[in-house]
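An overview of the molecular structure
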Amino acid sequence: MSYTIIKVPQGGEKITVTNGELKVPNNPIIPFIEGDGTGRDIWRASQRVLDAAVEKAYGSKRKLVWMEVYAGEKAFTQFNSWLPEETLQAFREFLVGIKGPLTTPIGGGMRSLNVALRKELDLYVCQRPVRWFEGVPSPVKRPQDVDMVVFRENTEDIYTGIEFENGSDDNKKFKEIFKAAFPKEFAKIRFPDTSGIGLKPVSVEGTERLVRAAIKWALANKRKSVTLVHKGNIMKFTEGAFRNWGYALAEKEFGDKVYTWQTWEKTKADKGEEVANKEQEAALKAGRLLIKDVIADIVFQQTITRATDFDVFATMNLNGDYLSDALAAQVGGIGIAPGGNINFDTGHAVFEATHGTAPKYADKDVVNPGSVILSGEMMLRYMGWGEAADAVVRGIEGAIAAKTVTYDFHRLMDGATKLNTSQFADAMIAKM
Ligand code: NAP
């Protein structure tokens, strides 16, 4: 592939994938988008921390070979395009990359890079780990109980964007067709003349690949449970189907590696509750992964009141969006919440900060670089460079435990030392 604005660095090699397995050379080329606003300060700090972690773990044997690709304001200023085609091409070709936050200009003018990448590369999982680092200010009593990973479906559900605006011709047309074909269903609409309409497609394939990714990841990482989140009591053929297809997939593809609440229900019906409880206990004792489900409203209460009941989540798009932000709030919030958008079949992955560009702090070197750094930690782990990822974790744990933190934590901690973005990177590196 040839590039005109992107400079492909010398001395690096491509990450490739065979049968869903990543092959990572010792000098992988990693495309990165610096990000707008505070993205510049954050990226500078993050790159140093990630390079230091790799060096700490592998000496000169391994090295990340960074390749800048462009999007957002920087791309617009330099190349007159908010999202040059080459950027998509680079992520497609080099498989694994990372991005800082990007401005979304109000009033249009730019297609959202996230949406473009998600669509282009079919990044069907949004993975958001949520864990607490000792010393991080938290609004809950036992933040140490929160150690969860959300697998959020990224390509369907109400987010598909099929909407008909009230008053528009398409809305009228849609309602006419709907009324003619499904008069009984149409009659359920309380105020039909003034209703906007949205569609919520949820498929077998979309559900299965998401649940499969969550279960595989949970097994590989020796987690205890995968919880399917849904509102199936109300939306039976979308949310309820997600639950049913999820259980079916777990039993069909993972057999004796898992024990499902569906099996428990069946045993209970056939042989009674006591037998079902014993069966579950024995299965979990033997190291099987528990597959269970929870209704999407109560999960917000239970993740606060009994956090230890939860581990990995498999969720639909909207539920996962709400849940991952709510969980992040328990462990220190937006400044350190990482994420990754991944296609576990093709290997394509883009790791990213979950916060925005925080423009009022741009170029002041003050914000917390933790979200991008921990997204980098996820990326290293995804590449199989676990020792380097561990070094990043030691760095952030050490810096926070020493109460050397950026302004956002400083204002909530007693007796802490306030560092700027680059000093926080230094503090992390020193603690690796
Ligand atoms: P934001 O940039 O996330 O900032 C909101 C507030 O969150 C900040 O004022 C700050 O709080 C805190 N914050 C954000 N990043 C932080 C960090 N690294 N360290 C410490 N605190 C941090 O949200 P916004 O102001 O609504 O959006 C600004 C721009 O970002 C918009 O153009 C939006 O479209 C874009 N955006 C991009 C992405 C993305 O690229 N993934 C995501 C969301 C928003 P305090 O004021 O309390 O210090």
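Our structure's up above, just so we're on the same page.
Everything in this summary refers to the structure shown in the same document. (Residues numbered from 1 in each chain as written. Predicted model: local features only at pLDDT ≥ 70, side-chain atom pairs only at ≥ 80, totals over all residues. Heavy atoms only, no water.)

1. Brief notes about the pairing of strand β5 (residues 96-99)
Put simply, the rule is: A simple rule labels every residue: compare its accessible area, found with a 1.4 Å probe on the protein chains alone, to the largest value its type can have, and call it buried under 20%, exposed over 50%, or partly exposed in between. We count a stretch as a helix when DSSP gives it H or I for four or more residues in a row; a strand needs E for two or more, and each element gets its number in order from the N terminus. By this definition, two strands are paired if DSSP reports at least two bridges between them.
Taking every second residue as pointing to the same face, both faces of β5 are buried, with V96 and I98 on one and G97 and K99 on the other. As paired elements, strand β3 (residues 29-33) and β5 share two bridges and run parallel to each other. In the sheet register, F32 faces β5, and the bridge partner there is I98.

2. A few points about the site of the ligand
Let me state the cut-off plainly: We call a residue near a molecule or strand when any one of its heavy atoms sits within 4 Å of it. Distance and chemistry together define a polar contact, namely a pair of N or O atoms within 3.5 Å, with one atom able to donate a hydrogen and the other to accept it when in protein, and with adjacent residues in sequence counting only for side-chain atoms on both sides. In the scheme used here, Gly and all other residues not listed as nonpolar or charged are polar, with Ala, Val, Leu, Ile, Met, Phe, Trp, Tyr, Cys and Pro taken as nonpolar and Asp, Glu, Lys and Arg as charged.
Contacts to the ligand come from 21 residues, most closely from G356, A358, K360, Y361 and Y407. In the environment of the ligand, an oxygen atom lies 3.0 Å from a nitrogen or oxygen atom belonging to the backbone of T357. Looking at side-chain class alone, the shell around the ligand contains 10 nonpolar, seven polar and four charged residues.

3. Quick look at the packing of aromatic side chains
What counts is decided by this rule: Any two rings among Phe, Tyr and Trp, with Trp reduced to its six-membered ring, count as a pair given centres within 6.5 Å; such a pair is stacked if its planes are under 30 degrees apart, edge-to-face if over 60, and tilted if neither. Distance and angle both matter: a charge sits over a ring if NZ of Lys or CZ of Arg is within 6 Å of the ring centre and within 35 degrees of the ring normal.
Summed over all chains, the structure comprises 17 aromatic pairs. Both rings, one in F76 and one in W82, keep their centres 4.6 Å apart while their planes meet at 15°; by these two values the pair is stacked. A residue is classified by how much of its surface remains accessible, and F76, at 36% relative accessible area, is partly exposed. For W82, a relative accessible area of 17% corresponds to the buried category. A ring pair is formed by Y361 and Y407, whose centres lie 4.9 Å apart and whose planes are at 45°; its orientation type is tilted. Note that Y361 is positioned in the loop between β15 (349-353) and α13 (370-382) and Y407 in helix α15 (residues 407-410), a separation of 46 residues in sequence. Here the guanidinium or amino end of R62 rests over the ring plane of Y58, the centre of that ring lying 4.4 Å away.

4. Section: the sheet that holds strand β11 (residues 258-260)
Selection criterion: In this analysis, axes come from line fits to C-alpha atoms, helices being fitted only over the stretch in contact, and the angle between any two N-to-C directions falls in the range 0 to 180 degrees.
Reading across the sheet, the 11 strands line up as β4-β3-β5-β15-β14-β6-β7-β13-β10-β12-β11 and stay open at both edges, with mixed pairing between neighbours. Only two strands of the sheet have a single partner each, and these edge strands are β4 (65-68) and β11. Here the strands of the sheet are splayed against their neighbours by 25° on average, with no regard to which way each runs. By the bridge criterion, four bridges tie β5 to β15 in an arrangement that is parallel.

5. Concerning unusual backbone geometry
Look at N19: it is not a glycine, yet its phi comes out positive at around 45°. Checked against the element boundaries, N19 lands in the loop between β1 (16-18) and β2 (21-23). For L95, which is not glycine, the phi torsion reads 70° and is therefore positive. Tracing the chain through its elements places L95 in the loop between α3 (85-94) and β5.

6. A closer look at the nonpolar core
Just so we agree on the cut-off: Only buried residues count toward a nonpolar core, which is a set of Ala, Val, Leu, Ile, Met, Phe, Trp, Tyr and Cys residues joined through side-chain atoms within 4.5 Å. The domain boundaries here were taken from an automatic or database domain assignment. Contact between two residues is taken to exist if any of their heavy atoms lie within 4.5 Å; hydrogens are not considered.
Counting residues in hydrophobic clusters, the biggest one holds 68 residues, and the most contacted among them are L64, W66, I98, F313, F351 and L380. Looking at this core, the element that brings in the most residues is helix α1 (residues 39-58), giving nine residues. Split by domain, this core shows at least three residues from each of two domains, domain 1 (1-125 + 337-432) and domain 2 (139-158 + 204-330). Once residues within four sequence positions are removed from consideration, L64 is found in contact with P28, I30, L50, D51, V54, L380, M383 and W385. Listed in part, the 25 residues of the second largest apolar core include V125, L210, A314 and M316.

7. A short note on the packing of helix α8 (residues 236-254) against helix α9 (residues 261-271)
In plain terms, the rule: Angles are sorted into four bins: roughly parallel if under 35 degrees, roughly antiparallel if over 145, roughly perpendicular if 65 to 115, and oblique for all others.
Contact geometry of α8 with α9 gives a least axis separation of 9 Å together with a crossing angle of 90°. It follows that α8 is roughly perpendicular to α9 by the angle criterion. Note on element contacts: α9 touches α8 through W261, Q262 and T263, opposite R243, Y247 and E251. Broken down by class, the residue content of the contact of α8 with α9 amounts to two nonpolar, two polar and two charged.

8. Observations regarding the environment of N26
Assignment of secondary structure puts N26 in the loop between β2 and β3. Separated by 326 residues in sequence, N26 and E352 have C-alpha atoms that sit 23 Å apart. In this structure, N26 is in contact with K61, R62, K63 and W385, ignoring residues within four places of it in sequence. A distance of 3.2 Å separates a polar atom in the side chain of N26 from a polar atom in the side chain of R62.

9. Some words on α8
Here is the rule: Fitting one axis to the seven residues ending at a residue and another to the seven starting there, the bend at that residue is the angle between the two axes.
In α8, a bend of some 25° at F242 exceeds every other bend along the element. What α8 keeps buried is the set T238, E239, G240, A241, F242, G246, Y247, L249, A250 and F254.

10. Quick word on the side chain of D408
Heads up, the condition is: Residues counted as positive are Lys and Arg, residues counted as negative are Asp and Glu, and His and the chain ends are not counted. The working definition used for a salt bridge is a side-chain nitrogen of Lys or Arg within 4 Å of a carboxyl oxygen of Asp or Glu.
The topology assignment puts D408 in helix α15. No salt bridge is formed by the buried D408. Its closest oppositely charged neighbour is R411, at 6.3 Å. At a separation of 2.7 Å, a polar atom in the side chain of D408 contacts the side chain of T406. With residues up to four places along the chain from it excluded, the contact list for D408 reads G335 and N368.

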